[in-house]
Every structure is written in structure tokens, then in C-alpha cells.
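Take a look at the letters that make up each chain.
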Amino acid sequence: MNAVATAAGRADGDRAAGAGASLAREWARLRADFWDLGMLSWIPLLLYLLIWLIFSGAIARDIPVAVIDQDGSALSRQLTRWLDASPGVAVAATAADGPEAMRLLRQRRAYGFLLIPRGFETDLLAGRNTSVNWFYNAQFSSHAGGLLRDVRTVASTLSAGVEMSARAKRGVSSVQAAQQFEPIRARLVTLYNENTSYESFLTLALIPSMLQIFVVLAVVTTIGRELKDGTVPEWLAAARGNWAGAVAAKLLFPLLAFSLQMLLFLLFFAVWRGWAVAGGMAALVPAMLLLVLAYLGVGVLLIGATLSLRNALSVTAFVTAPAFAYAGQGFPLIGMPPLARAWAEALPLTHYLQLQSRHWLAGAPWRDGVHDLLLLAGFAVGCGALGLLLLGKRANAPAAWGKS
């Protein structure tokens, strides 16, 4: 029994010594390489800040439009002034005709133009139906949506004012005029993003999307260089020949760095920007950690499957760079073709962002995130275990070393 206990103690001591030596070796490598250390620290932070600065305006304002005023009346000029006064629109030019307005659109000097026809004021004051024509550049969907909303609001407000004024002149009280003009009112209530803020809509999704790229790059680079430089024997020797310990030492510093970045991400927006987590913090915080772990596993799998730094980096770009497009934030998952939907479901980012959108702003309880948490944990364990198995079976052979 004493011999067994002694052997077990020696094994535990070897593992502890191997873990310490592996961590010391990895830390020395990071300290010696300015750019590798930067990829875990200031480079991603700088890019997160840049993303936030791009969308910190929250709402697109003063988008330039043009006006073709064929009526030249007091009401048409009032419509133009009100349009220019709306927060999302700036009347940047007046055009004489359609071809001139189209040139402004093609030159990106305007993103739409309003055509006010002749007889506009006369028809309105006479109680006849009239219309204004709104032409917009649908290549820019975010511009088009905001502009359309403001143009409709201005036109309907002016129309309501003219109609109510006409009814008041006929002896109808203002209350009765309002009720007759709009007997059924639609009360619109915006949920979860009341101000239609692009800062909350895009920044909260884009920063984790950027983070998952850095996580996989860090893993692929740190393990791939051991293969490329042929230093696998030294790497394993530091871990006392233990592949799990050797890989764990490679993953520890990225795990700490990117988990801290996710915590800073949460504190920055939830505390400093005031977007408190409305729902299950008990689901959101574990999801952030599991997102990092899932992509650490993906990185191990990619380098274990390719055994080539160059090939693994290529696959990393293919998997992570377009991941945001498949995550259901810009285009709904339910509307995707089956193949695209299957690819989206195969990405950890999709499940994390679905969970984040439910729990951060929409206020879903923690239990609604259990399914996505289990999937993220499955990605972490499944990809990580398979990648470790592939490395253990294939990466210790000299034929696997020295590849670019």
C-alpha cells in the first residue's frame, strides 16, 4: 500500500511540476513576443473600442435627402421645413426634376428624394386627396427604414393638421375633429430597444463576434507554431509528456484574457452605459465563459485536424469571419434556407447571441437559456476533446513538424 501511495504521490508531483513548467514556458514565450501578447490584450480591446465608437451615435441622424417642389406653395414649403426639422433627415438639396434628383442619389449626396406635385396645396385646401411621392435608395436598408419612418410621420402630421383645421372651420370642435379623423388609433409600443439604437443592436452583437475570432486565432497560433518550428518535443517535455497538460497550459492564458474581456464588456455596457441586464444574469455570465471555452475547443480541433498553421488559419477565417452573418442578428434564422440554417446552428456564436439577446435586453429568465448553455458546453467539451485526441495521435510524429 505504501508503494502504491508513493507511486501515486510521485505521479501527482510529476503532473504538478509539468503544469508549472508548461505555464512558465508559455508565459516566457508570451512575454518575449510583443504581438502575441498584444493579441490577447490591447489589440482586441482597441478593436472593441473602435466598434463602439462607430455605433456610439446610436441613431442615424441628418441623413441627406433632396426635394422636388413642383408646387412652390406655402404648404409645400412647410412640408419641406418639417422634413428638414425631423431628427433623422436633412434636406441637403432641392432638385428641379427627377433626373437631377437621381444624379444626387447616384453621387451619394442624397439617399432619397421627395416629389411634391403641382396643385398640392390647392387639392389639400379643397378637401381632395393628394399625394407626395417618396423615392429612396433601397441599397442601404438602415438608411431607408429611418428615412421612410420620418417621411411618413411628417406627411401624416401635416395631413392631419390640414384636415382638422378644415373641420374646425366647419364648426366641429377640436376633440370631435380628432375623433372623426382617427376613430381607430393604433398604439405602437416598442419593446427591448425603445429608441431603435444601433449601439445596443449592433455593438452588443459585434463585440462577441470579434472576440470569437481572436480566441480561435490565439489557440491556432500558439499550438501551430510548435508544429511549424518543430518544438513539439520540448513542449511535451515541459509537460512531462502529458498532452492534456501541454494543451491546457496553452489555453490558460487565452482563457483568462478573453474571459476578462467578456467581463469588461458586460461591465462597460451594463454599468457605464446603463444597459442593465434585464433578465437572467445567472444564464448570461456562464454563457460568456462558455463562449470562450467553446471557441478554445474549436481552435484545438482546427489545429489538431490540419496539423498546419497556415491551413488552420485559413479554416479559422472561413469559420469565424462570416459567423455574425449567420447568427440571426441581421437576418432571422427562421428565414434562412435549410443549409444556411444548419451552418448557423453549428456555430457557437449563434447560440450565444440568441441567449444574449433574450437575457440582456429582453429580460428572459435564466431557465430560458439552459438549452443554449448546454449547447455551448457541448461545443467546448466535444471540440476540445476531439482536438486533443487528434493532437495526441498525430502531432508527436516528426512528419507533422516543420509544416508552414
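Our structure's up above, just so we're on the same page.
A short tour of the structure in this document, coming up. (Residues numbered from 1 in each chain as written. Predicted model: local features only at pLDDT ≥ 70, side-chain atom pairs only at ≥ 80, totals over all residues. Heavy atoms only, no water.)

1. So, a nonpolar patch on the surface
Heads up, the condition is: Two distance rules govern patches: like charges are joined within 9 Å, and nonpolar side chains (Val, Leu, Ile, Met, Phe, Trp, Tyr) within 5 Å, applied only to residues with over 30% relative accessible area and no salt bridge. Using the Shrake-Rupley algorithm and a 1.4 Å probe, accessible areas are obtained, with residue cover drawn only from the displayed protein chains. Each reported salt bridge corresponds to a side-chain nitrogen of Lys or Arg within 4 Å of a carboxyl oxygen of Asp or Glu. Think of it this way: any DSSP run of H or I at least four residues long counts as a helix, any run of E at least two long counts as a strand, and we number them from the N terminus. Between buried and exposed lies partly exposed: a residue is buried under 20% and exposed over 50% of the maximum accessible area for its type, with that area taken using a 1.4 Å probe on protein chains only.
Judged by side-chain polarity, F34, W35, W42, L46, L49 and L53 come together as a nonpolar surface patch covering roughly 670 Å² of accessible area. Only α2 (34-40) and α3 (42-55) provide two or more residues apiece to the nonpolar patch. At four residues, α3 tops the list of elements feeding residues into the nonpolar patch. Residue position: L53 is located in helix α3. Overall, the relative accessible area of 47% leaves L53 in the partly exposed class.

2. Focus on the nonpolar core
Selection rule: We call a set of buried residues a nonpolar core when its members are Ala, Val, Leu, Ile, Met, Phe, Trp, Tyr or Cys and they connect through side-chain atoms within 4.5 Å of each other. Working rule for contacts: check all heavy atoms of both residues, and any pair within 4.5 Å makes them a contact.
In this structure, F258, F265, Y352 and W360 are the most contacted members of the largest nonpolar core, which totals 72 residues. Of all the secondary-structure elements, those providing two or more residues to this core are α3, α9 (198-229), α10 (232-238), α11 (243-272), α12 (281-306), α13 (309-320), α15 (348-361) and α16 (370-394). Examining the composition of this core, we find that 15 residues originate from one element, α12, more than from any other. Look past the residues within four positions of Y352 in its chain and what remains in contact with it is P208, M262, F265, L284, A287, M288, L291 and L376. Counting residues in hydrophobic clusters, the runner-up holds 18 residues, among them L124, W134, V154 and L158.

3. Thoughts on the pairing of strand β2 (residues 89-94)
Going by this rule: Any two strands with at least two DSSP bridges between them are considered paired.
Bridge count between strand β1 (residues 63-69) and β2: five bridges; the pairing is parallel. The residue of β2 that forms the bridge with I63 is V89.

4. Some details on the environment of A400
If you trace the backbone, A400 turns up in the segment after α16. Taking the C-alpha atoms as reference points, A400 and S308, separated by 92 residues in sequence, lie 8.1 Å from one another. When neighbours within four sequence positions are excluded, A400 is seen to be in contact with L227, L307, R394 and A395.

5. So, the pattern of salt bridges
This model, assessed by the stated rule, comprises 10 salt bridges. One salt bridge in this structure joins R225 and D36, with 2.4 Å as the shortest N-O distance. Of this pair, R225 sits in helix α9 while D36 sits in helix α2, and the two are 189 residues apart along the sequence. Among the ionic pairs, R341 bridges to E345, the shortest N-O distance being 3.0 Å. Of this pair, R341 and E345 both sit in helix α14 (residues 338-345), four residues apart, which is roughly one turn of that helix. Its relative accessible area of 31% is what places E345 among the partly exposed residues. The network of salt bridges with shared partners includes R25, E26, R29, D33, D36, R225, E226 and K250.

6. Looking at α12
This is how it is decided: How far a helix is expected to stretch is found by multiplying one less than its residue total by 1.5 Å.
The terminal C-alpha atoms of α12 lie 38 Å apart, and with 26 residues this matches the ideal 38 Å at 1.5 Å per residue to within 8%. A positive phi of about 55° marks L307, the residue just after α12.

7. Description of the packing of aromatic side chains
Rules: Note on aromatic pairs: the rings of Phe, Tyr and Trp (six-membered ring only in Trp) are paired at centre separations within 6.5 Å, and the planes decide the class, stacked below 30 degrees, edge-to-face beyond 60, tilted for the rest. Two limits define a charge over a ring: the Lys NZ or Arg CZ must be within 6 Å of the ring centre, and within 35 degrees of the ring normal.
Here the structure, examined in full by the defined rule, presents 15 aromatic pairs. Where F265 meets F269, the ring centres are 5.5 Å apart and the plane angle is 70°; that geometry is what we call edge-to-face. One end of the pair, F265, and the other, F269, are both in helix α11, four residues apart, so they sit about a helical turn from each other. Here F265 matches F269 in class, with each residue buried. Ring plane angle 85° and centroid distance 4.8 Å describe the contact between F268 and F269, whose orientation is recorded as edge-to-face. Over the face of the ring belonging to W235 we find K250, whose NZ or CZ atom lies 5.5 Å from the ring centre.

8. What about the pairing of strand β3 (residues 112-116)?
Counted residue by residue, β3 has five buried out of five residues, so it is predominantly covered. As paired elements, β1 and β3 share four bridges and run parallel to each other. Across the sheet, the residue bridging to D69 is I116, located in β3. Of the pairings in the sheet, the one linking β3 to strand β4 (residues 133-136) comprises four bridges and is antiparallel in character. Of the residues in β4, the one forming a bridge with F113 is F135.

9. Here's the deal with the sheet that holds β2
Note the following rule: Note on definitions: angles span 0 to 180 degrees between N-to-C directions of axes, and those axes are lines fitted to C-alpha atoms, for helices only across the stretch in contact.
As summarised here, the arrangement of the four strands in space is β2-β1-β3-β4, forming an open sheet in which the pairing is mixed. Each edge of the open sheet carries a strand with a single partner, namely β2 and β4. Strand-to-strand twist in this sheet, taken as the mean axis angle between neighbours without regard to direction, amounts to 30°. The sheet contacts of helix α4 (residues 74-85) involve β1, β2 and β3, and relative to β2 the element is tilted by about 130°. Against the sheet, helix α5 (residues 98-106) makes contact with β1, β2 and β3, and its axis sits at roughly 160° relative to β3, the strand it touches most.

10. Observations concerning the packing of α11 against α15
Cut-off, in case you're wondering: Any angle that is under 35 degrees is reported as roughly parallel, and any over 145 degrees as roughly antiparallel; angles of 65 to 115 degrees are reported as roughly perpendicular and all others as oblique. Two helices cross in a left-handed way if the nearer one is turned anticlockwise from the farther one by less than a right angle. They cross in a right-handed way if the turn is clockwise. Polar here means any residue outside two lists: the nonpolar Ala, Val, Leu, Ile, Met, Phe, Trp, Tyr, Cys and Pro, and the charged Asp, Glu, Lys and Arg; Gly therefore counts as polar.
It is the contact of α11 with α15, at a shortest axis distance of 14 Å, that shows an interaxial angle of 30°. Classified by the angle between their axes, α11 and α15 sit roughly parallel to one another. Judged by the twist between their axes, the crossing of α11 over α15 is right-handed. Across the interface between the two elements, M262, F265, L266, F269 and A270 of α11 pack against Y352, Q356 and W360 of α15. Looking at side-chain class alone, the contact of α11 with α15 contains seven nonpolar, one polar and no charged residues.

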